[in-house]
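Summary of the model geometry
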Amino acid sequence: MNTKQKHTNLIKTEAKRLGFLSCGISRGEFLEEEAPRLEKWLKNEMHGDMQYMENHFDKRLDPTKLVEGSKSVISLLLNYFPSGAQEDKTAPKISKYAYGTDYHFVIKDKLKALLNYIQEEIGDIQGRAFVDSAPVLDKVWAARSGLGWIGKNSNLLTQQVGSFYFIAELIVDLELDYGNPTTDHCGNCTACIDACPTQAIVEPYVVDGSKCISYFTIELKDSIPADFKGTFDNWMFGCDVCQDVCPWNRFSKLHNEPLFNPNPELLTMSKNDWEEITQDVFNRLFKNSAVKRTKYLGLKRNIKFLKQ
Ligand code: B12
Ligand code: SF4
Ligand code: SF4
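In what follows, the accompanying structure is described. Everything numeric here is computed off the predicted structure, so don't read it as measured data. (Residues numbered from 1 in each chain as written. Chains lettered and ligands numbered in written order. Predicted model: local features only at pLDDT ≥ 70, side-chain atom pairs only at ≥ 80, totals over all residues. Heavy atoms only, no water.)

1. Section: the site of ligand 2
Lining the immediate surroundings of ligand 2 are Cys196, Pro197, Thr198, Ala200, Ile201, Cys212, Ile213, Cys239, Val241 and Cys242. In the shell around ligand 2, the residues fall into nine nonpolar, one polar and no charged. (Near = heavy atom within 4 Å. Nonpolar A, V, L, I, M, F, W, Y, C, P; charged D, E, K, R; others polar.)

2. A closer look at the pattern of salt bridges
Going through the model one piece at a time under the given rule, you end up with twelve salt bridges. Here glutamate 219 and arginine 293 are joined by a salt bridge, their closest N and O atoms 2.9 Å apart. Here glutamate 219, found in helix 8 (residues 213–219), pairs with arginine 293, found in the loop between helix 12 (279–285) and helix 13 (295–307); they are 74 residues apart in sequence, far enough to count as distant. A relative accessible area of 45% places arginine 293 in the partly exposed class. A salt bridge links glutamate 265 to arginine 284, with the shortest nitrogen-to-oxygen separation between them at 2.6 Å. Here arginine 284 lies in helix 12 and glutamate 265 lies in helix 10 (residues 264–268), a separation of 19 residues in the sequence. (Salt bridge = Lys/Arg side-chain N within 4 Å of Asp/Glu carboxyl O. Helix = DSSP H or I, 4+ residues; strand = E, 2+ residues; numbered from the N terminus. Buried < 20%, exposed > 50% of the residue type's maximum accessible area, 1.4 Å probe, protein only.)

3. With respect to the sheet that holds strand 1 (residues 22–27)
Spatially, four strands are ordered 1-2-7-4 in an open sheet, and the strand pairing comes out antiparallel. Because the sheet does not close on itself, it has two edges, and the strands there are strand 1 and strand 4 (127–130). Recorded for the sheet is a direction-independent mean angle of 20° between the axes of neighbouring strands. The pairing of strand 2 (residues 72–79) with strand 7 (residues 165–172) spans eight bridges and is antiparallel. Pairing of leucine 77 across the sheet is with isoleucine 167, part of strand 7. Strand contacts of helix 1 (residues 3–17): strand 1 and strand 2, with the helix running at about 145° to strand 1, the strand carrying the most contacts. Sheet strands touched by helix 5 (residues 103–121): strand 2, strand 4 and strand 7. Its angle to strand 7, the strand with the most contacts, is close to 35°. (Pairing = 2+ DSSP bridges. Axes fitted to C-alpha atoms, helices over the stretch in contact; angles between N-to-C directions. Contact = heavy atoms within 4.5 Å.)

4. Observations regarding the site of ligand 3
With respect to spatial proximity, the complete set of residues near ligand 3 consists of Gly151, Lys152, Asn153, Leu157, Cys186, Cys189, Ala191, Cys192, Cys246, Pro247 and Trp248. For the shell around ligand 3, the residue count by class is eight nonpolar, two polar and one charged.

5. Considerations on the packing of helix 1 against helix 5
Look at helix 1 against helix 5: their axes get within 10 Å of each other, and the N-to-C directions meet at 145°. Regarding helix 1 and helix 5, the two cross each other, and that crossing is right-handed. The segment helix 1 lies against helix 5, with Leu10, Ile11, Glu14 and Ala15 engaging Leu114, Tyr117 and Ile118. For the contact of helix 1 with helix 5, the per-class residue count stands at six nonpolar, no polar and one charged. (Left-handed = near helix turned anticlockwise from the far one by under 90°.)

6. Things to note about the packing of aromatic side chains
Taken as a whole and assessed by the stated rule, the structure comprises 18 aromatic pairs. With centroids separated by 6.5 Å and ring planes inclined at 70°, the aromatic side chains of tyrosine 80 and tyrosine 97 adopt a geometry described as edge-to-face. Of this pair, tyrosine 80 sits in the loop between strand 2 and strand 3 (93–94) while tyrosine 97 sits in the loop between strand 3 and helix 5, placing them 17 residues apart in sequence. On the basis of relative accessible area, tyrosine 80 is assigned to the buried category, the value being 6%. Taking the centre distance of 5.9 Å and the plane angle of 80° together, the rings of tyrosine 80 and phenylalanine 164 count as edge-to-face. Of the two residues, tyrosine 80 is situated in the loop between strand 2 and strand 3 and phenylalanine 164 in the loop between strand 6 (156–157) and strand 7; the sequence distance between them amounts to 84 residues. Neither residue differs from the other here; tyrosine 80 and phenylalanine 164 are each classed as buried. (Phe/Tyr/Trp six-rings, centres within 6.5 Å; stacked < 30°, edge-to-face > 60°.)

7. So, the layout of surface pockets
Considered as a void within the structure, the second largest pocket measures approximately 280 Å³ in volume. Lining the second largest pocket are 15 residues, and of these Ala85, Gln86, Lys89, Lys96 and Tyr99 sit closest to its centre. Here the lining of the second largest pocket is built from residues that sort into seven nonpolar, two polar and six charged. (1 Å grid on protein atoms, 1.4 Å probe; cavity = no way out; pocket = protein on both sides within 12 Å on 5 of 7 lines; lining within 4 Å. Points joined across faces, edges and corners; volume = space filled by probe spheres on them.)

Listed below in C-alpha cells is the structure:
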C-alpha cells in the first residue's frame, strides 16, 4: 500500500467512526463540464432571488481558487432519514431534513473533528470545511468521488440508501487516492418529474429553483406568487416529493444521529395547532433548527398560503 492509499484509508475509517454515512475523494480541479450548465442555469434565472448563487462563479467551479494550494476534495455524506413522521396527515408538512438540529451545526463539528484527526495523524495539512454555506457544488464533487450519481431530480442518489442525506466537504492540500464516478441508475424512470407539484423539474437533471416549493417556502423573502396557489401539496417548509417518490429511497436507512431527532411535539402538532402557532411555540419547537431560516413570520406566511 502506498502513502496516498494509506492516508485515504485512515481518513475514510475516521469519517465512518465520526458517524458519516460515507466518504469519497476527488482531485480538486476546474469543473469543465459543469461550467456551461451553471452559466445556463443562472442565465435562465433559475436561481430566482437566491442572489448568492450568482456570486463567486469561478470559485464555485474550481476549489483551487476557493482554497489556495488545495489538492483534494473530501466529500462526506450524513444520513438524516427519520423514523417518525408527522401524525396528523392533514397538517402542513415539514421536510424530513429539518426535523432536528440544524445540520450546519451538526456537520461543522464533525468536519472539524475530521480535519483535526488528519492534522494529528498525517501532518501539517491545511484545509477548510464546507457545509452548504460556501460556493461549492456539493453534489458534483460527491458524484465525482463515486459516492452516488446525480438523479433526474438533481439530488445525489445511491442504490444502497437513496438520497436522504446531506453532503459536506473538506478541501485540503494533501494528495490522496481518488475515486471514480458510478453509473446513472435512473434509467427510463420519470417518477420525480411526473410527481413534482409545481413542475419545477423542467427537464431531466435540471431543477428550476425559482419554481421549487423548497425555494418558495424557505428562500423567498417576498410573498409567494399567487399563480402557485393550490399547488404546494400542503408543504409549509421545504418539499420531499421528488425524493419520496424515487424508487431508490425504498432503500433509505434510519439515521443514527441523536441531534436529528425532532422535538416530539413537532410530530404531534395538529393542523389546527400549526395554523395557530405563536412565536413562543415556534421558538420552543425550532430552537436550533434550520426552520429558523424562514423565521416565525415566514412560516406563518407559508401556512397562510396553504389555506388560500
Ligand atoms: C441552491 C440550492 C437549492 C435551491 C435550488 C435547487 C437546485 N437543484 O439547485 C432550492 C432552494 C430550490 C433547493 C432545494 C432543495 N435542496 Co438544496 N441546495 C442548494 C445549494 C445551496 C446549491 C445547489 C446548486 O449549486 N445549484 C445550482 C444548480 C446549477 O445546480 P444543480 O441543480 O445541481 O444543477 C446541475 C444539474 O442541473 C446539471 N445539469 C444541467 N444540465 C444537465 C444535463 C445533463 C444531461 C446532466 C447529466 C446534468 C445536467 O448541471 C448543473 C450544475 O452542476 C446546495 C448546497 C451546495 N453548496 O451545493 C443545496 C443542496 C443541493 N440541497 C439539498 C437539499 C436536501 C435540498 C432539498 C431536498 C430540500 C428540501 N427537502 O426541501 C430540495 C430539493 C430540490 C431539488 N430537487 O433540487 C442537498 C442535496 C443532498 C443530496 N442528496 O443531493 C444540498 C447538497 C445541501 C447539502 N449540503 O446537503 N436547494
Ligand atoms: S422539492 Fe418538490 S417542488 Fe422542488 S423539485 Fe422536488 S418535488 Fe418539485
Ligand atoms: S425518481 Fe426515478 S428519475 Fe427521479 S431521481 Fe429517482 S430514479 Fe431517477
